[in-house]
Protein chains: 2
Amino acid sequence: MNGATALLRTAADAGVRVCFANPGTTELPLVVALDDVPEIRPVLGLFEGVCTGAADGFARMAGTPAMALLHLGPGLANGLANLHNARRARTPVLTVVGDHATDHHVHDAPLESDIATLAAPMSSWVGTASRAAEMAVRTAEAITAARQGGPATLIVPADAQWDAAGPMEVPAAPPPAPAAYPVAEAARLLTTGDGPAALLLGGGALTPTALRAAGRIALATGCRLLSETFPARMERGGGLPAPERLPYPLPQARAVLGDLETLVLVGARAPVAFFAYPDQPRTPIADHTTVHTLAGQSQDGAVALEQLAEAVAAGADPRATTGSSPVELPTSGPLSPESIAAVLAALQPEGAIVVDEAVTTGRAYFPLAAAAPPHTYLALTGGSIGQGLPCATGAAVADPDRAVIAFQADGSAMYTLQALWTHAREGLDVTTLLCANRSYRILQGELAHAGLAERGPAAAALTDLSSPTVDWVLLAEGMGVPGRRVTTVEELVPALTEALSTPGPRLLELIL
Amino acid sequence: MNGATALLRTAADAGVRVCFANPGTTELPLVVALDDVPEIRPVLGLFEGVCTGAADGFARMAGTPAMALLHLGPGLANGLANLHNARRARTPVLTVVGDHATDHHVHDAPLESDIATLAAPMSSWVGTASRAAEMAVRTAEAITAARQGGPATLIVPADAQWDAAGPMEVPAAPPPAPAAYPVAEAARLLTTGDGPAALLLGGGALTPTALRAAGRIALATGCRLLSETFPARMERGGGLPAPERLPYPLPQARAVLGDLETLVLVGARAPVAFFAYPDQPRTPIADHTTVHTLAGQSQDGAVALEQLAEAVAAGADPRATTGSSPVELPTSGPLSPESIAAVLAALQPEGAIVVDEAVTTGRAYFPLAAAAPPHTYLALTGGSIGQGLPCATGAAVADPDRAVIAFQADGSAMYTLQALWTHAREGLDVTTLLCANRSYRILQGELAHAGLAERGPAAAALTDLSSPTVDWVLLAEGMGVPGRRVTTVEELVPALTEALSTPGPRLLELIL
């Protein structure tokens, strides 16, 4: 067994089932070794950001680590933006980067670069398997780190891949330390305060179990339920308690949080302004609000919430057993963020996985979808656009029996449009709703927010995508995905119905 | 004047004429300020790798620094692969990256990351303008560094952009130190040795002046002329001395260099193997060869060669005044690397700029094009694929009156296909010859070279792009570039003739 096989065998034994790959010469021993480790399915991406975003999406859905295989420093660089999103989601992604053979570094070959330095900002762990004999142990360390803290990057020189590895001895990963949650203080704050209180849920506090516990706490204490703005994964619909999502724009977020006496964080970080502006506050939390962390991002928010429910003597939540009323389906009219949201929320099937990178167009969807059938919602955790189509790729590989809906803005889709080819290649059941407003609308809004709405020609040109317009139907079909243009609700309803009932990928371009 | 305007004013005063931008919220003061500094033309790219590659291409042609404007760490990350190529080309690229306002870092907002660490591996200089008052000085420092050593990255927090800058006082850049070239030793080696000798030309030793001096030296001393494998910029055709290009595959490179007693480097690094292989040497240079550096990569190879020509008492080169015989135009037959190369070399007009990222398909072109009319050749300096279409973008912006030909492989084009939109947006006269072999052919060759030609299904799947085939005509037209599919030489000749005689972008998909 060579080092490459030792890496893959160790990964397979640790539960890795997929490798989203864009390899080059320095990864060829691993490419060849994939044929010896059939538990790991190779999936080709034509750009590295597709691979890392797909690994993120797969791991969010499967809960097991997913592997991305990239080529040297430039290949890793192309994958970093979606590793940034995975880092914010704390997703267990194992990124394996081939490097030149150890004795070749001295020659500074054209593709040489400092891979470990590139990896550090977007990784929870960076390591190198310098020799084949280290490959198994280092791989196991990387996977343990990825499970605990998010993306881990393992650098594997070519000689460490091709040399003989010797016997594999992988020490067992240490069991996670038992967590103690400050439940009594949270219960005291929620039950003895005079002013409004809220739970802010994120991370592992957005599972059905966690949401039901949160709903019981809210009934018992009168607190409000909020969710973080961009959850890595949230279960929704089918009568689950539906926290109000903290709005992205700072003024609206301040309006939601402004009257709180108490804010209890469960799996969520304290909210901050996405961006800073002159003479505006840096967080949406009011000065008079007491912030208490019940469970951190890496802790089990569901367990913490069940303990808190017990501490506040919460009873059963009658709402949890009643179905929600279905979303009313619009039947006519122009396409708008509101009408698109309503059609999607009304038509999405039970068990759908909705990947939301619709940005400005998508804001109307979230509240409506609370009444949709049970489904999973995956958001843009790190704000690095180009996440949606790759994340949908990984989610569809992880759950081939569920309908995946990529709810997607046009500006952000352009960064990683190569994912559409992988949708076609693998026959993934991804329906892409491509919302074409033909602008960086969010930047136009930010210009207005910053008092810069009077744009000159340069500023107008750098936020406008209408000259020329992108034809997403042609782009999709150029990569093997059937596409269709939709301009009214009358067209959207049958087109989305047909797309969702047909296996394999589809793209609908929604002209706003 | 705020800090943003101070940056742009300083850049304009230092000769910057273009800003290839993909901005976000943290760059909006710079976006707005572009309207106050009309010397700098803003050009929008829909992916950051387009912007950095275009800045590289522009600066290679214009010889003046070009600016790329990117958004935070993830935006920079997406631009790093082409900064890697620019670093290997030592191109004066000024990358400006917006950052969160200084007092916002403590909140670790979702898009926060360590930008300086990300930038370091692909930059010759990294700095931060922490305050608006520093903006002008830091910008001038960055541009000086970029001129001397290649890509410089300047990080500009949002508050340093929006705050008032105060008076601009930019110290003059220090004059470059005069260089002394070891001419006598080079002359001695070339004139007194017993065995074969060669000049290996790269960097600034590939200008017409340098090539003519090299030709005279070769006539006087009998030495051979070689060029580096992937030159940043080389003038060719029209009777210019045509060095033999050092082959990419290691065995062929060793065959070219194996008998040399002396190798004199002029603006080129000592050649190395692109990749290491088990039990194969790491460089193509034989042990018995004496390697002498006449001029380093950052030195003026043309001056060094003219001094060397004088030292070896070289006479005039009669070849330099005679035209070359034109390339014979094939008129029929199947498309192959050889027939495509012959058609291109025969039809390319005088003054063409040929950007070569055709990889395996392109290898037949270089020798033939020596007999073409005078033209400029730009190569993939760093081996990070996805360089061709962006580089052609920048070259066309720099030289709007010259025909730009993007000689492009399909696998590599896919990484930065968004450049086609900018071709259309700006009406650039770029003709893309998209060679579709529908595989990572170079990896299939590397597998064979490494003795791994017997591929299993996983290895076959990860090097094959034929399922589904990409339709590049649809992709081009989806981004506003007229496209046409070509399958024979009979079709290629009129299609290329028409594309080259029509202003604006065109894409020809050549099915191999």
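Values in this document were obtained by computation on a predicted structure and should not be read as measured data.

Novice: Describe the overall build of chain A, naming the residues involved and giving the relevant values.
Specialist: Secondary structure summary: chain A contains 21 helices and 18 strands in total. A total of 512 residues make up chain A; the buried ones form 62% of that total. A separation threshold of at least 6 residues defines the contact pool for chain A, and within that pool the share at least 24 residues apart is 80%. Only carbon and sulfur atoms are counted for the fraction: they give 53% of the accessible area of chain A, which is about 16300 Å². Counting 30 positive and 49 negative side-chain charges, chain A places the centres of these two groups 5 Å from one another.

Novice: Quick rundown of the environment of Ala409(A)? Include the residues and the values.
Specialist: Residue and element names in this part refer to chain A. Within the secondary structure, Ala409 sits in strand 15 (residues 404-409). A sequence separation of 23 residues divides Ala409 from Gly386, and the C-alpha atoms of the two residues are 9.5 Å apart. For Ala409, the residues in contact, after removing those within four places along its chain, are Glu357, Ala358, Val359, Leu434 and Cys435.

Novice: Describe the sheet that holds strand 5 (residues 125-128) of chain B, and please don't skip the residues or the numbers.
Specialist: Residue and element names in this part refer to chain B. Ordered by their spatial adjacency, six strands build an open sheet running 2-1-3-4-6-5, and the pairing between neighbours is parallel. Across the chains shown, the open sheet's two edge strands, defined by having one partner strand only, are strand 2 (41-44) and strand 5. The mean inter-strand angle of the sheet, taken between neighbouring strand axes irrespective of direction, is 20 degrees. Bridge count for strand 1 (residues 18-21) against strand 2 is four bridges, and the pairing is parallel. Looking at strand 2, one finds that Ala21 is bridged to Leu44. Contacting strand 1, strand 3 (66-71) and strand 4 (93-99), helix 3 (residues 48-62) runs over the sheet at an angle of about 170 degrees to strand 3.

Novice: How would you explain the side chain of His292(A) if you had to name every residue and give the values?
Specialist: Residue position: His292(A) is located in strand 12 (residues 290-295). Among all residues touching His292(A), those that are not within four sequence positions of it are Pro182(A), Glu185(A), Ala186(A), Leu189(A), Leu263(A), Val264(A) and Leu265(A).

Novice: Break down the relation of the copies chain A and chain B for me, citing the residues and quoting the values.
Specialist: Mapping between the two copies of the chain is achieved by a rotation about an axis and a shift along the axis. For the pair chain A and chain B, the best superposition has an RMSD of 0.0 Å and corresponds to a rotation of 180 degrees with a translation of 0.0 Å parallel to the axis. Here the copies are linked by what is in effect a two-fold axis.

Novice: Run through the nonpolar core, naming residues and quoting values.
Specialist: Among the nonpolar cores identified, the biggest contains 212 residues, and Trp472(A) and Trp472(B) are the most heavily contacted of them. Excluding residues that lie within four positions of it along the chain, Trp472(A) makes contacts with Asp410(A), Ala413(A), Met414(A), Leu417(A), Leu420(A), Leu434(A), Leu507(A) and Glu509(A).

Novice: Give me the lowdown on the pattern of salt bridges, citing residues and values where you can.
Specialist: In total, this model carries 30 salt bridges over all chains according to the counting rule given. Notably, a salt bridge pairs Arg138(A) with Glu141(A), separated by 3.0 Å at the nearest N-O pair. With Arg138(A) and Glu141(A) both in helix 6 (residues 135-149) and three residues apart, the pair spans about one turn of that helix. Asp13(B) serves as the salt-bridge partner of Arg9(B), at 3.3 Å between the closest nitrogen and oxygen.

Novice: How would you summarise the pairing of strand 5 of chain B if you had to cite specific residues and measurements?
Specialist: Residue and element names in this part refer to chain B. Every second residue of strand 5 is oriented toward a common face, the buried set being Trp125 and Gly127 and the non-buried set Val126 and Thr128. Looking at chain direction, strand 5 and strand 6 (residues 152-157) are connected through four bridges and run parallel. Each residue of the ladder has a partner; that of Thr128, found in strand 6, is Ile155. Remark: the strand 5/helix 6 (residues 135-149)/strand 6 crossover connection has right-handed handedness.

Novice: Give me helix 18 (residues 441-449) of chain B: which residues, what numbers.
Specialist: Listed in full, the buried residues belonging to helix 18 of chain B are Leu443(B), Gln444(B), Glu446(B) and Leu447(B). Along the axis of helix 18 of chain B, the buried positions cluster into a sector of 160 degrees, meaning they face one direction only. The elements touched by buried residues of helix 18 of chain B are helix 2 (28-33) of chain A. Gly451(B), located one to two residues past helix 18 of chain B, shows a positive phi value of around 75 degrees.

Novice: How would you sum up the pairing of strand 3 of chain B? Please name residues and give values.
Specialist: Residue and element names in this part refer to chain B. Among the six residues of strand 3, six are classified as buried, and the element is accordingly described as predominantly covered. Side chains of strand 3 alternate between two faces, with Ala66, Ala68 and Leu70 and Met67, Leu69 and His71 buried alike. Pairing geometry for strand 3 and strand 4, over six bridges, is parallel. Within strand 4, the residue paired with Ala66 across the bridge is Val93. Crossover strand 3 to strand 4 through helix 4 (residues 72-89) is right-handed.

Novice: Just give me the short version of the interface of chain A and chain B, but keep the residues and values in it.
Specialist: Taken together, the 91 residues of chain A in the interface contact 92 residues of chain B. Surface buried jointly by chain A and chain B totals about 7700 Å² across both partners, of which 68% is contributed by carbon and sulfur atoms. Counting across the chain A and chain B interface gives eight salt bridges. A salt bridge links Arg282(B) to Asp103(A), with the nearest nitrogen and oxygen atoms 2.7 Å apart. At the junction of chain A and chain B, the tally comes to 44 residue pairs in polar contact (both at pLDDT 80 or more). Only helix 2, strand 2 (41-44), helix 4 (72-89), helix 5 (115-119), helix 17 (419-425), helix 18 (441-449), helix 19 (457-461) and helix 20 (472-478) of chain A provide two or more residues apiece to the side of chain A that touches chain B.

About the criteria used
- Residues numbered from 1 in each chain as written.
- Chains lettered and ligands numbered in written order.
- Predicted model: local features only at pLDDT ≥ 70, side-chain atom pairs only at ≥ 80, totals over all residues.
- Heavy atoms only, no water.
- Helix = DSSP H or I, 4+ residues; strand = E, 2+ residues; numbered from the N terminus.
- Buried < 20%, exposed > 50% of the residue type's maximum accessible area, 1.4 Å probe, protein only.
- Contact = heavy atoms within 4.5 Å.
- Areas by Shrake-Rupley, 256 points an atom, 1.4 Å probe, with all protein chains shown as cover.
- Lys, Arg positive; Asp, Glu negative; His and termini not counted.
- Charge placed at Lys NZ, Arg CZ, Asp CG, Glu CD.
- Pairing = 2+ DSSP bridges.
- Axes fitted to C-alpha atoms, helices over the stretch in contact; angles between N-to-C directions.
- Least-squares fit on C-alpha atoms with pLDDT ≥ 70 in both.
- Core = buried A, V, L, I, M, F, W, Y, C linked by side-chain atoms within 4.5 Å.
- Salt bridge = Lys/Arg side-chain N within 4 Å of Asp/Glu carboxyl O.
- Right-handed = clockwise from strand over helix to strand, strands pointing away.
- Arc of directions from axis to C-beta.
- Buried area = accessible area lost by both parts, 1.4 Å probe.
- Polar contact = N/O pair within 3.5 Å; in protein donor to acceptor, adjacent residues only side chain to side chain.

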